[in-house]
Amino acid sequence: MSRAAAQTHSVAVTDQDEIVLTWAGATDTGHRRDNNQDALLAQFPLFVVADGMGGHAGGEIASQSTIERLKEVVDSGEVTTDAIEDALERAVADIASHPETTDEGTGTTLTGVFFEIVDGEPRWVSLNIGDSRVYLLREQRLVQVTTDHSVVQELISSGRLSPEEAESHPYSNVITRAVGASELTPPDYLGIEVFDGDKFVICSDGLTKELTDYGIQHFLREKSDPAEAVDAMLAAALENGGRDNVTLIVVTIARTGGFDEAVADTVSIPTVTDSSSTSDES
């Protein structure tokens, strides 16, 4: 039986330009954890994953509080970077005031994408705090959209550690930014053009610990239905060990009209400062 169920939403940008989004998501405790500290929200136009930390109860409190506050934003009908940051500020206050939040290390990652139309032009905006990830498959090429906020990523970026060495590094689980019981650091944002055939994977590190980028790319290519892709990747992660909670969302995009395929560039992603700003090339 499928763990994931696909949902669909259509957006008419113009009479000749329609975008159809289809998505599915799932989460699993895994084989070695007693509880699931991951949480997800997959509700148009926002698709996010949160991976909690800080003790048995603390991580679950942090991730659930964050997702609940973001769901309020979606329900309000105004999903913008400002609205997201306001929600995260409220989540930080919720986490800090919760009676079971006793550990200063309590917090959660947060990563995902949301859809918006600015000046008549549709786009995605990715957001990220921590080491959960967003991947984009475009023209059969997989790109990691987000950059991990982690000790090992800083070592990789400075040239002091190779990606291969990072996999077994003792600080591989230490992140440098989180949504937690302290002052909020805003997410990193990236604006991404909307192209026909694009696929996003939004996931906690419980997936990437067990499945390589090549594996993610393989399942996205093989499974056109998001629910089937989610089920296949989740099953592979559990079969490969399931050492952590595993959470993922797959979003696929079908678009007719309104763009020029010739200008598609998988690795050219403009940065975003806020939902009303003009993007600058990264």
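See the structure above.
What comes next concerns the included structure. (Residues numbered from 1 in each chain as written. Predicted model: local features only at pLDDT ≥ 70, side-chain atom pairs only at ≥ 80, totals over all residues. Heavy atoms only, no water.)

1. Focus: the sheet that holds strand β2 (residues 17–28)
Part 1 of the argument: What the 6 strands build is an open sheet, ordered β1-β2-β13-β12-β8-β9; its pairing is antiparallel. Bordering the open sheet on either side are β1 (7–14) and β9 (141–144), each of which pairs with just one other strand. Within the sheet, the average angular offset between the axes of one strand and its neighbour, ignoring direction, is 20 degrees.
Part 2 of the argument: Most of the contacts of helix α7 (residues 226–239) go to strand β13 (residues 246–256), to which it runs at about 155 degrees, and overall it touches β2, β12 (199–203) and β13. (Pairing = 2+ DSSP bridges. Helix = DSSP H or I, 4+ residues; strand = E, 2+ residues; numbered from the N terminus. Axes fitted to C-alpha atoms, helices over the stretch in contact; angles between N-to-C directions. Contact = heavy atoms within 4.5 Å.)

2. Overview of the packing of aromatic side chains
Part 1 of the argument: With the rule as written, the count across this model stands at 5 aromatic pairs.
Part 2 of the argument: Ring plane angle 40 degrees and centroid distance 5.8 Å describe the contact between F44 and F115, whose orientation is recorded as tilted. Of the two residues, F44 sits in the loop between β3 (38–43) and β4 (46–53) while F115 sits in strand β6 (residues 110–118), which places them 71 residues apart along the sequence.
Part 3 of the argument: Relative to W124, the ring of F115 lies with its centre 5.5 Å away and its plane at 75 degrees, an arrangement referred to as edge-to-face. A single burial state applies to F115 and to W124, both of which are buried.
Part 4 of the argument: The rings of W23, F44, F47, F115, W124 and F200 are connected pair by pair, giving a single aromatic cluster. (Phe/Tyr/Trp six-rings, centres within 6.5 Å; stacked < 30°, edge-to-face > 60°. Buried < 20%, exposed > 50% of the residue type's maximum accessible area, 1.4 Å probe, protein only.)

3. Here's the deal with helix α1 (residues 58–76)
Since the α-helix advances by 3.6 residues per turn, residues separated by three or four positions end up pointing in the same direction.
Part 1 of the argument: Over its 19 residues, α1 runs 27 Å from end to end, which matches the ideal 27 Å to within 8%, given 1.5 Å per residue.
Part 2 of the argument: Of all the positions in α1, only G58, G59, I61, A62, S63, S65, T66, I67, L70, V73 and V74 are classed as buried.
Part 3 of the argument: Along its buried surface, α1 packs onto β3, β4, α2 (81–97), β5 (107–108), β6 and β10 (179–180). (Expected span 1.5 Å × (residues − 1).)

4. Remarks on the pattern of salt bridges
Part 1 of the argument: Counting across every chain of the model gives 12 salt bridges.
Part 2 of the argument: Across the pair R255 and D17 runs a salt bridge, and its minimum N-O distance is 2.6 Å. Of this pair, R255 sits in strand β13 while D17 sits in strand β2, and the two are 238 residues apart along the sequence. Across this residue pair, the class does not change: R255 and D17 are buried.
Part 3 of the argument: One connected set of salt bridges, linked through shared partners, spans R33, D205, K209 and D244. (Salt bridge = Lys/Arg side-chain N within 4 Å of Asp/Glu carboxyl O.)

5. Brief notes about unusual backbone geometry
Part 1 of the argument: Between F44 and the following residue, P45, the backbone shows a cis peptide bond with an omega angle of 10 degrees.
Part 2 of the argument: With respect to the helices and strands, P45 occurs in the loop between β3 and β4.
Part 3 of the argument: The phi torsion at E139 lies on the positive side, around 50 degrees, for a residue other than glycine.
Part 4 of the argument: Structurally, the position occupied by E139 is in the loop between β8 (133–138) and β9.

6. Considerations on the packing of helix α6 (residues 213–222) against α7
Part 1 of the argument: Contact pair α6 / α7: the axes reach a minimum separation of 9 Å and the direction vectors enclose 150 degrees. Classified by the angle between their axes, α6 and α7 sit roughly antiparallel to one another. Handedness of the crossing formed by α6 with α7: right-handed. Touching I216, F219 and L220 of α6 are A229, A232, M233 and A236, all from α7.
Part 2 of the argument: Grouping the amino acids of the contact of α6 with α7 by side-chain chemistry returns 7 nonpolar, no polar and no charged. (Parallel < 35°, antiparallel > 145°, perpendicular 65-115°, else oblique. Left-handed = near helix turned anticlockwise from the far one by under 90°. Nonpolar A, V, L, I, M, F, W, Y, C, P; charged D, E, K, R; others polar.)

7. Concerning the side chain of S204
Part 1 of the argument: Among the structural elements, S204 can be located in the loop between β12 and α5 (205–208).
Part 2 of the argument: For S204, a relative accessible area of 1% gives the class buried.
Part 3 of the argument: Among all residues touching S204, those that are not within four sequence positions of it are D38, V49, D51, S132, N245, V246 and T247.

8. Let's talk about α2
Part 1 of the argument: The first and last C-alpha atoms of α2 sit 24 Å apart over 17 residues, in line with the 24 Å expected at 1.5 Å per residue.
Part 2 of the argument: Taken as a whole, α2 has its buried residues at T81, A83, I84, A87, L88, A91, V92 and I95.
Part 3 of the argument: The inward-facing, buried residues of α2 abut β4, α1, β6, β7 (121–129), β10 and β11 (188–193).

9. Here we look at the side chain of D38
Part 1 of the argument: In this fold, D38 is placed in strand β3.
Part 2 of the argument: R33 is the oppositely charged side chain nearest to the buried, salt-bridge-free D38, at an N-O distance of 8.2 Å.
Part 3 of the argument: Here the side chain of D38 touches S204 through a polar contact of 2.9 Å, side chain to side chain.
Part 4 of the argument: Setting aside anything within four residues of it in sequence, one finds D38 in contact with T27, A50, D51, G52, S63, Q64, S204, N245, V246 and T247. (Lys, Arg positive; Asp, Glu negative; His and termini not counted. Polar contact = N/O pair within 3.5 Å; in protein donor to acceptor, adjacent residues only side chain to side chain.)

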